[in-house]
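# Commentary on secondary and tertiary structure
As a plain string of letters, each chain reads:
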Amino acid sequence: MRVFALPEPERTQRRPALALAVAFLTLGAQHAAAPAHAAPIATANVVARPAQGNVVIEWNRTLLDIVRSPHAEPSTIHPTRNFAIMSAAVYDAVNAISRAHPLYGSSLTAPRDASRPAAAAVAAHDTLTALYPAHKASLDSQLSNDLAGIPDGRAKQEGIKIGAQAARAIIALRAHDGADATPPPYSTTGKPGDYRSTPPAFKAPEFTHWGNVTPFLLRTGHQFRPPGPPALSSPAYAAAVNEVKAVGAARSTTRTAEQTTLAKLWSGPAQNYWYDVAQQIALARHSDIDQSADLFALLNLTVADATIGIYDAKYTYRFWRPITAIRLAAGNPRVKRDSTWTPLVTTPPDPSYPGMHSDISTAAATVLAGFYGDRNTFTLTAPATAASPRPYTKPYTSLSATATEAGLSRIWGGVHTRLDHESGNELGAAIARYALGQSKLAPAVPSSPTGKTPAGSVTPASATVANTIVAVRDSKLGKILVDGRGRTLYLFVADKGTSSTCYGACARAWPPLTTTGKPQAGSGASPALLGTTARTDHTTQVTYNGHPLYYFITDVKPGDITGQGVDSFGAKWWVLDPKGNKIEAR
């Protein structure tokens, strides 16, 4: 494993490549990345404490406060975009100094002794003042306080300079991403199943344009679009609608008191909960500026893309909400009409399928678990209301269980069916796995209309290629097996025959070479040795001479062989020769 040493004394170890955190990140001497079985870390009430000098967490919290304020931005701009923009600028500012990772949206460099806190604070401030000019005075005051705590001198000035440059570069990169397009008007066809505005306000559908916004990491908003919902006449549809009809009604007799409370607890924008959770866990784990810049960049870019992907799917399938399905009850005799049925919480003004809470929660939980393991203790609080004069605070111990609860809460609240929940989970998980599998943070090269990748680009390690090519190329180890773009392929000694044993954190550090078609033999490779094997995550992995094939996450360009001989996840990893045998030379 390569470890990058940075000059600033407060720095702790960080991962050698962005997604490698899931397997190898050391979060300080006493805070190694936790496996799924690790004991939870207590973080009760931690969010109320200061950010302990961590300007990355501080500014993420500031933006969360802004978006929670009324009329913070145009109603047609989704706030997840702005979290991603700010975090990308901070990430580039920090890494322009540390040079630990390739930058996301610029080619900046700065002296290695430049102040990273100054750079991060200025990058966050400058992006937010550009995005929220009405808040400039309070943002200026916060920046002034941050900079006052940094000793004057060249390092501080260089940090200020690179932070401003990073902010300008990201703002320019996203200037024409389609976010400012006029949302196209929505008209229902009036057919059974087609979405129409819902009571009580009958608001016009929101974010009809958002599925076409340029993603931050994905190639397109529809890259992981899930299959459509089942037919209205199907038993699956009837079962899903009848479930929410019973448990999600305002006066349900089957919903438990706890489910009622949780439906109300989770009734706000899904992403805000997860920004809060990330802040709590990062503080409890004592993540430093470098680690926090990495975490919030990957988290916020993933959530932004999960939002783009969910709106693409919603307005592709245009599926009606439970309140409409129950009040009209058209298309399936198993669903009985109830013209006065009302959900527990107010129905959002957009199509039902897939579910946004499920999508965003699964995406965020997957990224956070990739950094810190699944088991972490944190809290969420529902503020006091006239109906509930005492705030309700609930502790949590598992990210994945919390994501599941967030999705189910929308069924208990009467605004989604289980069909929405399950498809949202699948979409969020696919986007998060893709983001974690990137060897570096970078805007993805969009797919061309022909499906061919533009010349000069490199397919990300986790990408699934329709007809994957396996070939042979020369290397310092002799002739080795590579993919169609020259990326090194590996075998895992722990695999049993053609069955892969590498999943979860292992598969994020060693992404499997997958395909949706028949793999092809390129130059020097033997067609007779090519095959495929079914993985338990429902993808198809390419095999060669009976060995499932993998990439290594720190191989960032063709010719890299940084995984050769690495001993991780219980066994060693080797490159292969043209006959499919391991090469044990180093």
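Just so we're clear, the structure is a prediction, and the values are computed from it rather than from any experiment.

This part is about the overall build of the protein. A tally of regular secondary structure across the protein gives 15 helices and 13 strands. Residue burial in the protein is summarised as follows: out of 586 residues, 58% are buried. In the protein, 76% of the contacts between residues at least 6 apart in sequence involve partners at least 24 apart. Summed over all atoms, the accessible surface of the protein reaches about 23200 Å², with 55% contributed by carbon and sulfur.

If you walk through the whole model with that rule in mind, you get 14 salt bridges. A salt bridge links arginine 318 to aspartate 194; its shortest N-O distance comes to 2.9 Å. Remark: aspartate 194 occurs in the loop between helix H6 (154-173) and helix H7 (235-247) and arginine 318 occurs in the loop between helix H10 (289-317) and helix H11 (322-328); sequence separation between them is 124 residues. Look at arginine 318 and you get partly exposed, because its relative accessible area is 21%. A salt bridge links glutamate 243 to arginine 418; its shortest N-O distance comes to 2.6 Å. Here glutamate 243 is found in helix H7, whereas its partner arginine 418 is found in helix H14 (residues 418-436), with 175 residues between them in sequence. Given a relative accessible area of 32%, arginine 418 falls into the partly exposed group. When salt bridges with common partners are traced through the structure, they connect Arg81, Arg174 and Asp177 into a single cluster.

Here the focus is the state of the cysteines. For the coordinates displayed, the defined rule picks out 1 disulfide. Two residues, cysteine 502 and cysteine 506, share a disulfide whose sulfurs are 2.0 Å apart. Its torsion about the S-S bond being -110°, the disulfide of cysteine 502 and cysteine 506 is classed as left-handed. Residue classification places cysteine 502 among the buried positions, given a relative accessible area of 0%. Look at cysteine 506 and you get buried, because its relative accessible area is 4%.

To continue, consider the confidence of the model for the protein. When pLDDT is averaged along the protein, the result is 86, and 87% of the positions lie at 70 or above. Per-residue pLDDT stays below 50 along residues 1-50; that stretch engages in 133 contacts with residues further than four places along the chain or on separate chains. Within the model, pLDDT remains below 50 along residues 447-465, and this stretch shows 33 contacts once partners closer than five positions in the same chain are excluded.

Close contact between helix H2 (residues 55-68) and H10 brings their axes to 8 Å; oriented N to C, the two are set at 35°. Judged by residue contacts, Val55, Val56, Ile57 and Asn60 of H2 engage Ile289, Ser292, Ala293, Phe296 and Asn300 from H10. Of the residues contributing to the contact of H2 with H10, the split by class is 6 nonpolar, 3 polar and no charged.

A few words on the nonpolar core. Counting residues in each nonpolar core, the largest one holds 128 residues, and the members touching the most others are Trp59, Tyr104 and Trp274. What tryptophan 59 contacts, discounting residues up to four positions off in sequence, is Met86, Ala121, Ala124, His125, Leu128, Leu139, Gln142, Leu143 and Asp146.

Bringing helix H9 (residues 270-284) into the picture now. Over its 15 residues, H9 extends 22 Å from the first C-alpha to the last, a length consistent with the 21 Å expected when each residue adds 1.5 Å. For H9, the buried fraction is high: 15 of the 15 residues fall into the buried class. Positive backbone phi, approximately 60°, marks histidine 286, located one or two places after H9.

Quick look at the sheet that holds strand S3 (residues 469-475) now. Pairing in this open sheet of 3 strands is mixed, and the strands run S4-S3-S7 from one edge to the other. Every interior strand has two partners, whereas the edge strands, strand S4 (478-483) and strand S7 (520-521), have only one.

What follows covers the packing of aromatic side chains. The final tally for this structure, using the stated rule, is 20 aromatic pairs. Both rings, one in phenylalanine 371 and one in tyrosine 372, keep their centres 6.2 Å apart while their planes meet at 45°; by these two values the pair is tilted. In this structure, phenylalanine 371 and tyrosine 372 share a single accessibility class: buried. Pairing phenylalanine 492 with tryptophan 573 gives two aromatic rings, centres 3.9 Å apart and planes at 10°, and the pair type is stacked. Of the two residues, phenylalanine 492 sits in strand S5 (residues 490-492) while tryptophan 573 sits in strand S12 (residues 571-576), which places them 81 residues apart along the sequence. The pair formed by phenylalanine 492 and tryptophan 573 is uniform in burial state, with each residue classed as buried. An aromatic cluster is built from Tyr186, Tyr195, Phe207, Trp210, Tyr311 and Tyr315, whose rings are joined through pairwise contacts. The lysine or arginine in question, arginine 174, covers the ring of phenylalanine 216, its NZ or CZ lying 3.6 Å from the ring centre.

Relative to the elements of secondary structure, alanine 534 occurs in strand S8 (residues 530-534). Separated by 20 residues in the primary sequence, alanine 534 and threonine 514 have C-alpha atoms spaced 9.6 Å apart.

With respect to the element layout, glycine 268 can be found in the loop between helix H8 (257-265) and H9. Between the C-alpha atom of glycine 268 and that of histidine 357, which follows or precedes it by 89 residues, the distance is 9.5 Å. Excluding residues within four positions of it along the chain, glycine 268 makes contact with Tyr273 and His357.

Rules and cut-offs
Residues numbered from 1 in each chain as written. Predicted model: local features only at pLDDT ≥ 70, side-chain atom pairs only at ≥ 80, totals over all residues. Heavy atoms only, no water. Helix = DSSP H or I, 4+ residues; strand = E, 2+ residues; numbered from the N terminus. Buried < 20%, exposed > 50% of the residue type's maximum accessible area, 1.4 Å probe, protein only. Contact = heavy atoms within 4.5 Å. Areas by Shrake-Rupley, 256 points an atom, 1.4 Å probe, with all protein chains shown as cover. Salt bridge = Lys/Arg side-chain N within 4 Å of Asp/Glu carboxyl O. Disulfide = S-S within 2.5 Å. pLDDT = per-residue confidence, 0-100. Axes fitted to C-alpha atoms, helices over the stretch in contact; angles between N-to-C directions. Nonpolar A, V, L, I, M, F, W, Y, C, P; charged D, E, K, R; others polar. Core = buried A, V, L, I, M, F, W, Y, C linked by side-chain atoms within 4.5 Å. Expected span 1.5 Å × (residues − 1). Pairing = 2+ DSSP bridges. Phe/Tyr/Trp six-rings, centres within 6.5 Å; stacked < 30°, edge-to-face > 60°. Lys NZ or Arg CZ within 6 Å of the ring centre and 35° of its normal.

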